[in-house]
Amino acid sequence: MPANVVTFDKMQVGRKGNGKHWTKAEVERRKAAAQLITRQKPKAPKPPAWIKRGKVVNDPEVYAIWQRVIRDAKELDLLDALDANTLATYCKLEVEKERAIQEGNVALFDRLAKTSLTYAKALGLTPEARARLAKKRADEEVDPNADLFE
């Protein structure tokens, strides 16, 4: 997301954002809309059928990466069921990247690594992405001075 875009979590009454002071009504509407797209109870992602159908693993290498990422990200509350296809694609890219380097195809490896990094950032799997997420979560805390501008 571009730096100049103001998201609902950054909106506060009287707080300047993109040269604008938000009204109480604008902030409340934006927060209400955001709640409509926020899952109340987290739902863990399940691997798509092309990776695993029931008890049958179709692609063991991709599934192994899937399991590792799910296990490592579980404590961080990063992934949701809606992320399943994005995560599956990331896992497939990681396998293809490993195969490319084993085959000595550096050009293909570089392209796959760049694409894989884009997916990793989107999923919150990089330090930079997690730092942004931490900042976002911290910004969602109530500002004790917010009512001064009402």
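It should be emphasised that the depicted structure is a prediction, and the values quoted were computed from it without experimental measurement.

Thresholds applied
Residues numbered from 1 in each chain as written. Predicted model: local features only at pLDDT ≥ 70, side-chain atom pairs only at ≥ 80, totals over all residues. Heavy atoms only, no water. Helix = DSSP H or I, 4+ residues; strand = E, 2+ residues; numbered from the N terminus. Buried < 20%, exposed > 50% of the residue type's maximum accessible area, 1.4 Å probe, protein only. Contact = heavy atoms within 4.5 Å. Areas by Shrake-Rupley, 256 points an atom, 1.4 Å probe, with all protein chains shown as cover. Salt bridge = Lys/Arg side-chain N within 4 Å of Asp/Glu carboxyl O. Axes fitted to C-alpha atoms, helices over the stretch in contact; angles between N-to-C directions. Parallel < 35°, antiparallel > 145°, perpendicular 65-115°, else oblique. Left-handed = near helix turned anticlockwise from the far one by under 90°. Nonpolar A, V, L, I, M, F, W, Y, C, P; charged D, E, K, R; others polar. Core = buried A, V, L, I, M, F, W, Y, C linked by side-chain atoms within 4.5 Å. Expected span 1.5 Å × (residues − 1). Arc of directions from axis to C-beta.

J.: Help me understand the overall build of the protein, please; the structure alone is not making it clear to me.
T.: What the protein contains, in helices and strands, is five helices and four strands. When the 150 residues of the protein are sorted by exposure, 28% land in the buried category. Contacts spanning at least 24 positions in sequence make up 49% of the contacts within the protein whose residues lie at least 6 apart. Per element, the accessible surface of the protein, about 10,600 Å² overall, is 54% carbon and sulfur.

J.: How do you make sense of the side chain of E94 when you look at a structure like this?
T.: With respect to the secondary-structure elements, E94 resides in helix α3 (residues 84–102). Leaving out residues up to four positions away in the same chain, E94 has contacts with I65 and S116.

J.: Mind showing me how you'd approach the environment of K92 here?
T.: Locating K92 in the fold gives a position in helix α3. In the structure, K92 is positioned 26 residues away from W66 in sequence and 9.0 Å away in space, judged by C-alpha atoms.

J.: I'm lost on the pattern of salt bridges in this one. Help?
T.: Side chains that carry opposite charge are capable of pairing whenever their charged atoms lie near each other. One pass over the structure, following the stated rule, counts six salt bridges. One salt bridge connects R71 with D72, and the closest N-O pair in it is separated by 3.6 Å. By relative accessible area, which is 55% here, R71 ends up exposed. On the basis of relative accessibility, which here comes to 44%, the residue D72 falls in the partly exposed class. Put simply, K121 and E128 hold a salt bridge, and the shortest N to O gap is 3.8 Å. Overall, the relative accessible area of 34% leaves K121 in the partly exposed class.

J.: Can you walk me through the packing of helix α2 (residues 60–74) against α3 in this structure?
T.: Two quantities define a packed helix pair, namely the angle between the helix axes and the distance between the axes. For the pair α2 and α3, the least separation of the axes is 9 Å and the interaxial angle reads 125 degrees. With respect to each other, α2 and α3 are oriented oblique. Here the hand of the crossing between α2 and α3 comes out right-handed. Between α2 and α3, the residues in contact are E61, V62, I65, W66, V69 and I70 and A84, L87, A88, Y90, C91, K92, E94, V95 and R99, respectively. Among the residues forming the contact of α2 with α3, the class breakdown is eleven nonpolar, no polar and four charged.

J.: Explain the nonpolar core to me, please; I cannot follow it from the model alone.
T.: Where a protein is soluble and globular, its nonpolar side chains tend to be buried together. Counting residues in each nonpolar core, the largest one holds 17 residues, and the members touching the most others are I51, W66, V69, L79, L87, Y90 and C91. For this core, the secondary structure elements donating two or more residues are α2, α3 and α4 (106–123). Apart from the residues within four sequence positions on either side, W66 is in contact with P45, K46, P47, P48, I51, A84, L87, A88 and C91.

J.: Hey, could you run me through helix α1 (residues 24–36) in this one?
T.: Each full turn of the α-helix corresponds to 3.6 residues, which orients residues three or four apart in the same direction. The end-to-end C-alpha distance of α1 is 19 Å, a good match for the 18 Å that 13 residues give at a rise of 1.5 Å each. The set of residues buried in α1 consists of E26, V27 and A34. Burial along α1 is one-sided: seen end-on, the buried residues are contained in an arc of 95 degrees. Exposed and oriented more than 90 degrees from the buried face of α1 are R29, Q35 and L36.

J.: Which parts of the structure should I look at to understand α2?
T.: Spanning 15 residues, α2 covers 21 Å between terminal C-alpha atoms, matching the ideal 21 Å at 1.5 Å per step. Residues of α2 that are buried: V62, Y63, I65, W66, V69 and A73. Looking down the long axis of α2, one finds its buried residues gathered within 160 degrees of arc, a one-sided arrangement. Across α2 from its buried face, at more than 90 degrees, point the exposed residues P60, R71 and K74.

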